[in-house]
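# Structure assessment
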Amino acid sequence: MPPTSYQHYGPSFQGANNQTQQPYFQYSQCNGKKKALCIGINYFGQDAELRGCINDARNIQQFLCAKFGYRQDDIVMLTDDSNNPRTMPTRDNILTAMQWLVRGAAPNDSLFFHYSGHGGQTKDRDGDEADGQDEVIYPVDFKQSGHIVDDIMHEIMVRPLPAGCRLTAIFDSCHSGSVLDLPYIYSTEGKLKEPNLVVEAGLGLKNAFTSYASGDLGGMFKSAMGVVKTATGSGQKAEQYARATRTSPADVISWSGCKDSQTSADAMEAGTATGAMSYAFMTALSQNSQQSYQLLLNSLRDILRSKYSQKPQLSSSHPMDTNILFIC
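Residues numbered from 1 in each chain as written. Predicted model: local features only at pLDDT ≥ 70, side-chain atom pairs only at ≥ 80, totals over all residues. Heavy atoms only, no water.

Going by what an unreviewed UniProt entry lists, the chain is known as Peptidase C14, caspase domain-containing protein and is assigned to Mycena pura.

Now the structure itself:
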């Protein structure tokens, strides 16, 4: 089980009133209130119509209730077979539902976000992407209202969360590896992917972290740019910038269906249309509900490996111990 105390990491520094401070986060015990948002979009009548996304949303809803103790009354469903305009997965409805999901969040709460639909990429505007591309999801009305970029999703669903609050996100969509802009990405060996932790960048991170925690976005970005200027190479600069501006004291985890450069399959499993990632997630935890993060990542990969080229990804808002038990 995850430890209950604050987890400190990186160098200490002098904060307000000459108090010694250190960057920190807190794992959620997931024993507070539980809320979920499930989105499934088949894009009926549009180009590149999908088949399994609505099934995914409903299956995840049932899975959360059966396996993790969520109540249907606390789960918002947005699917494009809905007859209610308020529960259609339009851009406005998705953003409103994201805001609902995190409203009133407290330590040890467990929030769950699931998206099954089209994903893509667009030009990065703020320098936080090593490949120069932001990741996006496509609402049912994207042709009229536009996509939703990862920076916005992070701003709405991650930044407001307090230390010790869990958000578990699953993205069953193409180009979704870093779609929630979580800066710590883990390998199947449970190791943080390079470059090394940005805490090694020194004072710039300390200042950025304290600015983030206090809501001083101007100070955060100024400090973050100081970190960027110490780095070399555009990819390293982007990674340093992302970790200086996207690290959070909350407990945010994202399971995505593929790398940023890959596509996610709209598949058939057991005679039913489904997203490959959603199917793998439910299958892995049905087979063994007591898995560490590292073991679960490997389980997802193993389930998909024989039929699909996509490689599920695990990312977090903080440096984490992947040997602890996955709970939600």
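Alright, that's what it looks like, and here's the rest.
### Some points on the pattern of salt bridges
What counts, and what does not: Salt-bridge detection follows one rule: a side-chain nitrogen of Lys or Arg within 4 Å of a carboxyl oxygen of Asp or Glu. Runs of H or I in DSSP of at least four residues are treated as helices and runs of E of at least two as strands, each being numbered from the N terminus. Whether a residue is buried, partly exposed or exposed follows from its accessible area with a 1.4 Å probe, protein chains only, as a fraction of its type maximum: under 20%, in between, or over 50%, in that order.
Per the stated rule, a full pass over the model turns up eight salt bridges. The closest approach of N and O atoms between Asp109 and Lys33, which form a salt bridge, is 2.5 Å. With a gap of 76 residues between them, Asp109 in the loop between helix 2 (91-102) and strand 7 (110-116) and Lys33 in the loop between strand 4 (24-25) and strand 5 (34-40) connect regions that are remote in the sequence. A relative accessible area of 4% places Asp109 in the buried class. Residue classification places Lys33 among the partly exposed residues on the basis of a relative accessible area of 35%. Its salt-bridge partner being Arg166, residue Asp251 comes within 3.2 Å of it at the nearest N-O pair.

### Remarks on the sheet that holds strand 5
Threshold: Note on pairing: DSSP must find at least two bridges between two strands before they are called paired. To get an axis, a line is fitted to the C-alpha atoms, and for a helix only the part in contact is used. The angle between two axes follows their N-to-C directions and goes from 0 to 180 degrees. In what follows, a contact means two residues having at least one pair of non-hydrogen atoms within 4.5 Å.
Spatially, 6-5-7-11-13-16-12 is the arrangement adopted by the seven strands of the open sheet, whose pairing is mixed. Each edge of the sheet is formed by a strand with only one pairing partner; in this case those strands are strand 6 (75-79) and strand 12 (184-186). Here the strands of the sheet are splayed against their neighbours by 15° on average, with no regard to which way each runs. Of the pairings in the sheet, the one linking strand 12 to strand 16 (residues 313-316) comprises three bridges and is antiparallel in character. By the bridge assignment for strand 16, Tyr186 is matched with Leu314. On top of the sheet, helix 1 (residues 53-68) reaches strand 5, strand 6, strand 7 and strand 11 (166-172); it is set at about 160° to strand 5, its chief contact. Most of the contacts of helix 2 go to strand 5, to which it runs at about 165°, and overall it touches strand 5, strand 6, strand 7 and strand 11.

### Focus on the nonpolar core
This is how it is decided: Definition of nonpolar core: a set of buried residues of the types Ala, Val, Leu, Ile, Met, Phe, Trp, Tyr and Cys, connected through side-chain atoms within 4.5 Å.
The biggest cluster of nonpolar side chains holds 38 residues, and the ones touching the most others in it are Leu64, Phe112, Trp255, Phe281 and Phe326. Taken together, the elements giving at least two residues each to this core come down to strand 5, helix 1, strand 6, strand 12, strand 13 (251-256), helix 8 (276-287) and helix 9 (293-305). Looking at which element gives the most residues to this core, the answer is helix 8, with seven residues. Those residues within four positions of Phe326 in sequence are excluded, and the remaining contacts are Phe68, Arg166, Thr168, Trp255, Phe281, Leu285, Gln291, Ser292, Tyr293 and Leu296. By size, the runner-up hydrophobic cluster in this structure holds 36 residues, among which are Met98, Tyr138, Val140 and Met153.

### Section: the state of the cysteines
Put simply, the rule is: In this description, the term disulfide denotes a pair of cysteine sulfurs within 2.5 Å.
On inspection of all chains with the given rule, the structure shows zero disulfides. The thiol sulfur of Cys65 is not disulfide-bonded, and the nearest other cysteine sulfur, from Cys38, lies at 8.6 Å. No disulfide involves Cys328; its nearest neighbouring cysteine sulfur is the one of Cys30, lying 6.6 Å away. We classify Cys328 as buried; its relative accessible area is 2%.

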